[in-house]
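Spelled out, the chains give:
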Amino acid sequence: MSQSPKSPASVNEPVNPPTEDSRDLAMQFAQQLSVAGSGANTPKVSPSVAKDYALLRDPSYHNKRVEAIRQKKGYIIDMDGVIYHGTKLLPGAKELVDFLHRNNKRFLFLTNNSAPTPRELQQKLHRLGIDVTEDHFFTAGQATAEFLKTQMPEGGTVYTIGEPGLAYALYDKGFFMNDHNPDYVVLGEGSTYNYENLTKAVQLVQKGSKLVATNLDVENLDSKGNKIPSCGAFAACVEVITKTKAFYCGKPSALIMRYAQRVLGLSRAETCIIGDRMDTDIAAGISSEIDPVLVLSGVTAMEDLSQFAYRPYVILGGVYEIPSDDKKHTISPDEMEDASRRASFL
């Protein structure tokens, strides 16, 4: 997807690094949108829609809130649509990571994609020119394994449909594969779904295995920007047939946000989440009381916001708006230690 918030079909359009002031770029985004009320022939809009646009356009709201985000000590960051699209690094992604490192911030890349391992995600960012350590990544697969460990500390058995990243996370927490009488049926992301394994999942749930899914997303985008079924769609299939309800561990669940907070060691007030999806990233921030930042570099366009009863804390054209050279954003080791100590009592 290019810099402007177009339809998903444009994800393969080339993107160029910004050369103008980030505020000007944000204004370009706003001007390219069909903003109701901006011309003589445009209809009036509700106050709610006007407030949505104010989070992007109005300097009084926008600049103040961007500055508040820069002051945060911890950042939970979605990846696809925020940092990259496929094999294309999005504008400002490297500068954002440099800003976080330079100012002693803590950050965690949090993805609903259960297919890759943290090491694979680390290697992907390395190929794109961003170097971070493996412990900066956390997936919905890991969140699912963490949840199962709380339910069965002694470990157990699972029947899984998904990719190696999910299987490795489950093995790491003491869960082993069983396609006869497992404790859980676990559904994740991946292209391995077929009639046979979905039928197996249905039959195992009917026999008493508990149904768990890594994430609610019913659709995703392929490398060409076409919609493809995601974990939530397959889980819905099993739910309908078995008349059971899956437990979802990924965003927008506050559970995965709690795990992310635990990794960061910071309180909700010291943390923000940056994402491109209203129904997962922004909803996760709302449900966990962590300031949510929406970027328009992914699947959400401004006109989509009217579909939701909640809104982000601030709306950015992309993560390129966050980096700043002002040294006032630097967190000293003592300040970070104090913040971690306060979080330990929450």
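Parameters at a glance
Residues numbered from 1 in each chain as written. Predicted model: local features only at pLDDT ≥ 70, side-chain atom pairs only at ≥ 80, totals over all residues. Heavy atoms only, no water. Pairing = 2+ DSSP bridges. Helix = DSSP H or I, 4+ residues; strand = E, 2+ residues; numbered from the N terminus. Contact = heavy atoms within 4.5 Å. Axes fitted to C-alpha atoms, helices over the stretch in contact; angles between N-to-C directions. Parallel < 35°, antiparallel > 145°, perpendicular 65-115°, else oblique. Nonpolar A, V, L, I, M, F, W, Y, C, P; charged D, E, K, R; others polar. pLDDT = per-residue confidence, 0-100.

*Asks:* Run through the sheet that holds strand E12 (residues 247–248), naming residues and quoting values.
*Replies:* Strand order across the open sheet formed by 5 strands is E7-E6-E8-E9-E12, with parallel pairing between neighbours. The strands lining the two open edges of the sheet, one partner per strand, are strand E7 (175–177) and E12. As judged from the 4 bridges shared by strand E6 (residues 156–161) and strand E8 (residues 184–187), these two strands associate in the parallel manner. What sits directly across from Val-158, in E8, is Tyr-184. Sheet strands touched by helix H7 (residues 164–172): E6, E7 and E8. Its angle to E7, the strand with the most contacts, is close to 130°. Of the strands in this sheet, E6, E8 and strand E9 (210–213) are in contact with helix H8 (residues 195–206), which crosses E6 at around 145°.

*Asks:* Could you give an account of the environment of Tyr-171, with specific residues and numbers?
*Replies:* Mapped onto the secondary structure, Tyr-171 falls in helix H7. Taking the C-alpha atoms as reference points, Tyr-171 and Gly-155, separated by 16 residues in sequence, lie 9.2 Å from one another. With residues near it in sequence (within four places) discarded, Tyr-171 still touches Phe-176 and Met-177.

*Asks:* How would you sum up the packing of helix H6 (residues 140–151) against helix H10 (residues 254–264)? Please name residues and give values.
*Replies:* Between H6 and H10, whose axes approach to 10 Å, the crossing angle comes to 95°. Our classification of the angle between H6 and H10 gives roughly perpendicular. Only Leu-255, Ile-256 and Tyr-259 of H10 make contact with H6, whose side of the interface consists of Ala-140, Ala-143, Glu-146, Phe-147 and Thr-150. Of the residues in the contact of H6 with H10, the class split is 6 nonpolar, 1 polar and 1 charged.

*Asks:* Now, about unusual backbone geometry: what can you tell me, with residues and values included?
*Replies:* Here Lys-251 and Pro-252 are connected by a cis peptide whose omega angle stands at 15°. You can see Pro-252 is positioned in the loop between E12 and H10. Phi at Glu-289 is positive, roughly 60°, even though this residue is not glycine. One can find Glu-289 in the loop between helix H11 (278–288) and strand E14 (291–295).

*Asks:* Tell me about the sheet that holds strand E4 (residues 106–111), residues and numbers included.
*Replies:* Strand order in this open sheet of 6 strands is E5-E4-E1-E13-E14-E15, and the pairing throughout is parallel. A strand with exactly one partner marks an edge of an open sheet, and here the two such strands are strand E5 (137–139) and strand E15 (314–316). Direction aside, neighbouring strands of the sheet carry axes that sit 25° apart on average. Here E4 pairs with E5 via 3 bridges, running parallel. When the bridges of E5 are listed, Leu-110 appears paired with Phe-138. Along the sheet face, H10 touches strand E1 (74–77), E4, E5 and strand E13 (271–275) and points at about 150° away from the line of E4.

*Asks:* Give a description of the confidence of the model for the protein that names residues and reports values.
*Replies:* Per-chain confidence: the protein averages 88 in pLDDT, with 86% of residues scoring 70 or above. Throughout residues 1–23 the model reports pLDDT below 50, and contacts reaching past four residues in sequence, or to other chains, amount to 65 contacts. A low-confidence stretch, residues 33–43 (pLDDT under 50), is modelled with 15 contacts involving residues beyond four sequence positions or located in other chains.

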